[in-house]
Structure formats: structure tokens, C-alpha cells
Amino acid sequence: MSDNLHVNLNCKEPKLDVPTTHSKPNKRWRLAFATIYCARVLHSLLNEKKNGSKLPVAAPSFDVFNVKPDAFSRIDQTTLTEIVKEKNVDLLLEFGGVESVADALETDIKNGISGAVDDVALRQEAFGSNTYKRPPAKSLFHFVVEAFKDLTVFILLFCATLSLGFGIKEHGLKEGWYDGGSIFVAVILVVSVSAVSNFRQNRQFEKLSKVSNNIKVDVFRNGRRQQISIFEIVVGDVVGLKIGDQVPADGLFLDGHSLQVDESSMTGESDHVEVNSSHNPFLFSGTKVADGYAQMLVTSVGMNTTWGQMMSTISRDTNEQTPLQARLNKLTSSIGKVGMAVAFLVLVVSLVRYFTGNTEDENGNREFIGSNIKAVDMVHSMVTIIAAAFTILAVAIPKGLLLAVTLILTYSMKRMMADQAMVRKLSACETMGSATTICTGKTGTLTLNQMKVTKIWLGQEPIEVSSSISTNLLNLIQQGVALNTTGSVYKASSGSSKFEFSGSPTEKAILSWAVLELDMDMEILKQNCTILHVEAFNSEKKRSGVSIRSKADNTIHVHWKGAAEMILAMCSRYYDASGSMKDMDDDERMIFEQIIQGMAASSLRCIAFAHTQIPGEEHEIGVGLQNLKEHSLTLIGLVGIKDPCRPGVRKAVEDCQCAGVNVKMITGDNVFTARAMATECGILRPDQDMTSEGRR
């Protein structure tokens, strides 16, 4: 037995892959784990021997456990919150700057986090998810109680109670409950329909809030720029921001140009705040990018952000009356007051007539005969008089009006929801029924928002084949596209020839054209140049610019890109198709304007590229380093971008016009492009003047 039990138990001791330095609690934990494990092995061996099975001599084997130290042990959420929320620059510098924070969060500032499922789950466990606590959903009982708080319902219940009591007193239980009971039934119907309608409306609003709040955000994960839900952002993510974006979480400025943020939602101040790496690298959730673009490192998400802490103290109440309900409640209240005055007047007159002996019973005898009247007869007469007064009051209040309005609004809401219209408020049913004009955007609403470069002009000649473009002109185009953009190009390193383009639809169309047709390598161009200053695109300027320094010859160049008519006004020269530079006189400018109008008349969005080189003598005084040169530029070329009209738009516009609803298109595009698109969608007739009174 001793031979059979001769088993090398020491070989079963687990080998723990842990750091070389251990605290006393860790050493005790290891010892306890090994003891328990060996005891269980010995117990198992003894059971097998007891059952008669032969125990083989086991070869030495080891169970390996990877016990890693705590993740993100160099920094915790409290420190991150203190740095950003308090705008504590000293604490940030003490920690080593933004790069040290990124290193502590195991984030590559260029490529972002790995984006693996376990990495994201670990970050969510350590720092939380990017969601906010919401108050619990209101129950049906809550809406029933709210419905009973209505003034009209109170009056009806009071009248029903009195009518029921006096009716039973006067006519008995068998017939006396009719009037009061019918009022009670009406009240129950009104309360039930109103409560159920508001309950369903609240549930629908909660669903709508989840959809409307689920915006897409650009993040960099594993070197790839991609769009994810705002709820999927985790601490350590590198987020791309551009004009109009909402900052999705609290964080620190990594890289960017001319970033200005609107913090009015947080501070109430309307002035835009400049964010940079030196003086103010702090970004807060809920604010909006007013100008520029940047990349930020996420340091706090969800309830740990400043916005999350503010939202936790705010509760939403969506139980609002529609305009029609408010007006009808006012009308009902006025009618009730008049009815109450009339009922009181009738009561007073009836009492005066009764006590002065001017009333008679069914037999023609006076009802009130002074002290000879019986108490029972007097009480019966008083009940009859009071019942008559309250009957007037009950009849004066429109009991069915509230029920009818609630039913109509609920029916309208169901019809709109069946047409895929998300009804956030019942008042929308009334508003849409009164609408006479619909104002709509163009891009993405009337069009598919799938843009593609379809026309190219270099000088005054259209270009059909990209191989015919001269080398120096091709270099300038590639430089202007690659360095003057907020978009990006991603190609998998596995050798795949497929590219992924990110950015605005216009940026993606231009990048796609430059990469696929002009063989542009964006990374090489960025490596060969240093960006000095950037003026980001916005809807007012309709252009964007960048100044760069070439690493090859140390020359400074300025590139502009934007609406063709805006860029053309800044140019005094142009490149022809062969790449030669020529002066632009008034006649030449007129030809370019006609080219732009021609492309716009074909529903093309016309984008122009311009360039200038800063002379060497101007380097010393800083020209092009902070303020970009905006005059005496050289026009490189024009591109026309097509955005197809969405199917079914023309039919929808015709339906609206047949119903007497005018449709107006709002766009920042060239007026000729807007006219062509409006004509294509049926908003304008081919012979209709946009400035006429009958325009749509």
C-alpha cells in the first residue's frame, strides 16, 4: 500500500507566475492556496485507493496560474477626476503630463487602445461605463394619481358624490343612483384613458431618448479610426473631435489645432474657451466643439464626469399638457365658475322662496308653514332644492370634453407612430395638423449623403484621366488633400488593398478620389511635412486652410480648400492643365465663374483648391506661421461632388404640395447647386424664380 501511495505530491504544488516581490498577505495567500490544493489531491488519491483502483505513479506536472498585478495601479479614478474637474494643471504636471496619464492608462496616444473585448471589459470594470443613472420609470399607478389631480376631475367627483347622495335620498337606491353613477363612470373613463395614454407616451419617450442619445463618436483603436456608440466609450480611449461634435466624456487634450469649445451648458458663459496642450488641456462631457479639431484622451466616463454628476441631480418630467388641453382646461374652469355662480344663485332664490312660503307641494299646499312644519318634510324640501342647484352645476361642466380630446390625441399619436414618426409629445399631433410649411435640409435628408467626385477641372479644361495630370500639379493636389483635412485613411496591415475612409461625407469623397485615382499616400505626405497652423472649416467661412513646412527644403506652403466661389475670390493666378502658372484677369475669372455655375447647375457641389508658397524673406517675420495668407493665391483646380437624390423624395414633396404644405430647402451650398437640387426634388419648377412670392 505504501508503494502504491508513493506519489510525488510535491510535483502537484502549483507554480504561480507572479511578480518577484510580494507583500506578506500575498505570501500567505500563496501558502494557503498550495496547502488546500495538495490536501484536495491527497483526499482524491485516498478515495481512489479505497475504491480499489490502482494508482499510477504520476509524472511530474505543474498547473500554471497567471496572477497579474492590479490593472491601472498607477492611477485611479479619484486622481483622474481631480485633475480634470478642478482643472488642476499643477497636479497634471506633477504626474508627468498628458503622456504620463496615457501611459498609466495603457493607451498609445497615436493608435489608441487595443479595442479587444477583454480590454474594454477590464476598463469598464475599473472605471465604469459611459452611461448615466436615470430615475426609475413611472408606473401606471403614478399616472392614475396624476389624472385624479386634474381640477375638472375634482369638480366632477364632488358633483357625482352629491348627486348620488341626494338622488338616493330623494328617489331611493333603485333609481336615485343614475345621475351620480353616470358621472362616476365618465370620470373613471377619462382617468383610465388619460393614464394609459400618458403611460404609453412616457414609455415611448424613454425609447426615443435612448435612440436620440445614442450618437456615434470617432475613436482610434488599434491604429484604426472607427465610429462607435457614445455608450461604448471607455477610459483610455482616444476620441477625434471636430466642429459641431459633442464632447462625449471628460478628458485631456492630446493633439489638434485651433480648438475652441462652447462650455455654456456647464458654466452658462457664452464665450468660447480655447483648449490647448499648454494652458488649458481640459475637456468636459456635454460641451460642444465650436471651432477647430483635436484628439482627446478620455479620463472619466458616465457618472464620474462633471456632466454625469450634474445630470444625477436633475429629473425629467415629461407630463406636459398639450396647447389644446391647456386651452380646454381653461375653458372648462371658466364654464365651471359660471355654472357654480348660477347654481349658487338658484340655491339662494329657491331658499328665499321656500322660507317666504312661495313654494307649493304636489297637492298645491304651501311647503313651509312656519313652526307647524315637520322636520322630516323640511329636510326633504331642502335636499330637493340643493339637489336642483348641484344638478345645474353638474350639467354646466362638459364631462365628455376631456375624454374626447384625450381619445383624439391618442388616436393621432398611434397613427403617426404607425407611419414611423416618433411622437415625443402629444402636442406634436396638434402642431403637425396645423403645419403649413416644412423646412428641410438638403444633405442627408433630400439626398443619400453618399458623395463622389465626378468632375475635375484643371485650369479651364476638364480632366477625364488622372494620368494626364502633370507631376508638380499632382503633388500639390495630393499635398492639399492629405494635409488640409479632418478625415483619415485606414488600410489593414495584412496586405489588403481595401481602404477605409472616415470624416465628413465631403472629406471622404475627396480622400477616396485622391487615394484611389491619384495614388495618394497620406502617411508619407504627413511624414514629409510639419503642420504649422490650421484654420478649420466652418459653415460661415466655408473654407479650411493649413500652413506646412516641407522637411526636404524647409519651405513653407499654405493650402486652402473650400467652396469654389470663396476660394476663387482669394486667387490672382491659376495653374493650367499642363501645370504652368498663369495670371488671372477679369476675363479669366469670368470663365472660372461660368465653370463653377455649370457644375452647380448639374447638382454638383463645387470644391476648389488653392496654394501659395511663402517667400523666404517672409519666414523671418512669421508669415504663414499663425495667420494664413488669404490673398494672391494660385488656383490649383476644381472638383465637382455628386450627392444623389434620395428615392421617393419627389413623390413626398408632391404629396405635401397637394395637401397645401409648402416645402422649403435650406442649404449652405452654392445657389445654383441649391436650385438644381430643388428642381430635381420637385420643390421648384424649372421655370420658377427662387425670389418670387410663390417660391417653395
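Residues numbered from 1 in each chain as written. Predicted model: local features only at pLDDT ≥ 70, side-chain atom pairs only at ≥ 80, totals over all residues. Heavy atoms only, no water.

The chain goes by Calcium-transporting ATPase in an unreviewed UniProt entry, where it is assigned to Vitis vinifera. As stated in UniProt under Sequence similarities (unreviewed entry), the record for the chain gives "Belongs to the cation transport ATPase (P-type) (TC 3.A.3) family. Type IIB subfamily." Turning to the chain, the UniProt annotation filed under Subcellular location (unreviewed entry) states: "Membrane". (UniProt positions renumbered as here; feature names shortened; annotations may be inferred.)

Describe the overall build of the chain, naming the residues involved and giving the relevant values.
Counting its secondary structure elements, the chain contains 23 helices and 22 strands. Evaluated residue by residue, the chain yields a buried proportion of 39% over its 696 residues. (Helix = DSSP H or I, 4+ residues; strand = E, 2+ residues; numbered from the N terminus. Buried < 20%, exposed > 50% of the residue type's maximum accessible area, 1.4 Å probe, protein only.)

With reference to specific residues and values, describe the nonpolar core.
The biggest cluster of nonpolar side chains holds 41 residues, and the ones touching the most others in it are V101, L105, I233, V239, L259 and L283. Where this core is concerned, the elements lending two or more residues are helix 2 (77–85), helix 3 (89–95), helix 4 (98–104), strand 3 (216–221), strand 5 (238–241), strand 6 (250–262), strand 8 (282–283) and strand 9 (288–300). If sequence neighbours within four positions are ignored, L105 has contacts with F72, I75, L80, R123, F127, V235, G236, L297 and V298. Within the second largest apolar cluster, 28 residues are counted, among which are W513, M522, F609 and I641. (Core = buried A, V, L, I, M, F, W, Y, C linked by side-chain atoms within 4.5 Å. Contact = heavy atoms within 4.5 Å.)

Provide a residue-level description of the pattern of salt bridges, including the pertinent values.
The final tally for this structure, using the stated rule, is 18 salt bridges. One salt bridge in this structure joins D218 and K242, with 4.0 Å as the shortest N-O distance. Of the two residues, D218 is situated in strand 3 and K242 in the loop between strand 5 and strand 6; the sequence distance between them amounts to 24 residues. Among the ionic pairs, K541 bridges to E535, the shortest N-O distance being 3.7 Å. Bridged by salt links that share partners, the residues D218, R225, K242 and D245 form one connected network. (Salt bridge = Lys/Arg side-chain N within 4 Å of Asp/Glu carboxyl O.)

Lay out a positive patch on the surface with the relevant residues and their values.
Taken together, the side chains of R134, R203, K207 and K210 define a basic patch exposed on the protein surface. Among the structural elements, R134 can be located in the loop between helix 5 (117–127) and helix 6 (140–148). For R134, a relative accessible area of 43% gives the class partly exposed. (Patch = residues over 30% accessible without salt bridge, like charges linked within 9 Å, V, L, I, M, F, W, Y side chains within 5 Å. Areas by Shrake-Rupley, 256 points an atom, 1.4 Å probe, with all protein chains shown as cover. Lys, Arg positive; Asp, Glu negative; His and termini not counted. Charge placed at Lys NZ, Arg CZ, Asp CG, Glu CD.)

I'd like to hear about the environment of D689, residue by residue, with values.
For D689, the position within the fold is in the segment after helix 23 (671–681). Along the backbone, D689 and R675 are 14 residues apart, and their C-alpha atoms lie at a distance of 9.5 Å.

Now, about the packing of aromatic side chains: what can you tell me, with residues and values included?
This model, assessed by the stated rule, comprises five aromatic pairs. Centre to centre, the rings of F143 and F199 are 6.2 Å apart; their planes meet at 70°, and the pair counts as edge-to-face. Pair noted here: F143 is in helix 6 and F199 is in helix 9 (residues 178–213), with a separation of 56 residues, a long-range link. For F143, a relative accessible area of 3% puts it in the buried group. (Phe/Tyr/Trp six-rings, centres within 6.5 Å; stacked < 30°, edge-to-face > 60°.)

Provide a residue-level description of a negative patch on the surface, including the pertinent values.
Together, D583, D585, D586 and D587 make up a negatively charged patch on the protein surface. Note on placement: D586 falls in helix 20 (residues 586–601).

Go over the pairing of strand 18 (residues 571–575) with me, naming the residues and quoting the values.
Every other side chain in a regular strand lies on the same face of the sheet, so the side chains alternate between the two faces. Direction of pairing for strand 18 relative to strand 21 (residues 633–642): parallel, over a ladder of three bridges. Counterpart to R573 in the pairing with strand 21 is T634. Where strand 18 lies against strand 19 (residues 581–583), three bridges are found, and the strand directions are antiparallel. Bridge pairing in strand 19 links Y575 to M581. Taking the residues that link successive antiparallel strands as the turn, the strand 18-strand 19 hairpin has five residues, and the phi of G579 there is positive, at about 95°. (Pairing = 2+ DSSP bridges.)

Residue-level account of a nonpolar patch on the surface, with values.
A cluster of nonpolar side chains, I168, L173, W177 and Y178, forms an exposed patch at the surface whose accessible area comes to about 420 Å². In this structure, Y178 sits in helix 9.

Hey, could you go over unusual backbone geometry for me, with residue numbers and the actual values?
Here K87, not a glycine, exhibits a phi torsion of approximately 50°, which is positive. Mapped onto the elements, K87 comes out in the loop between helix 2 and helix 3.

Residues and numbers for the UniProt feature "transmembrane region" (unreviewed entry) in the chain, please.
The UniProt feature table records "transmembrane region" (unreviewed entry) at residues 151–168, 180–199, 335–355 and 385–409. Helix makes up 100% of residues 180–199 and strand 0%. Its end C-alpha atoms lie 28 Å apart. With 100% helix and 0% strand, residues 335–355 has end C-alpha atoms that lie 30 Å from one another.

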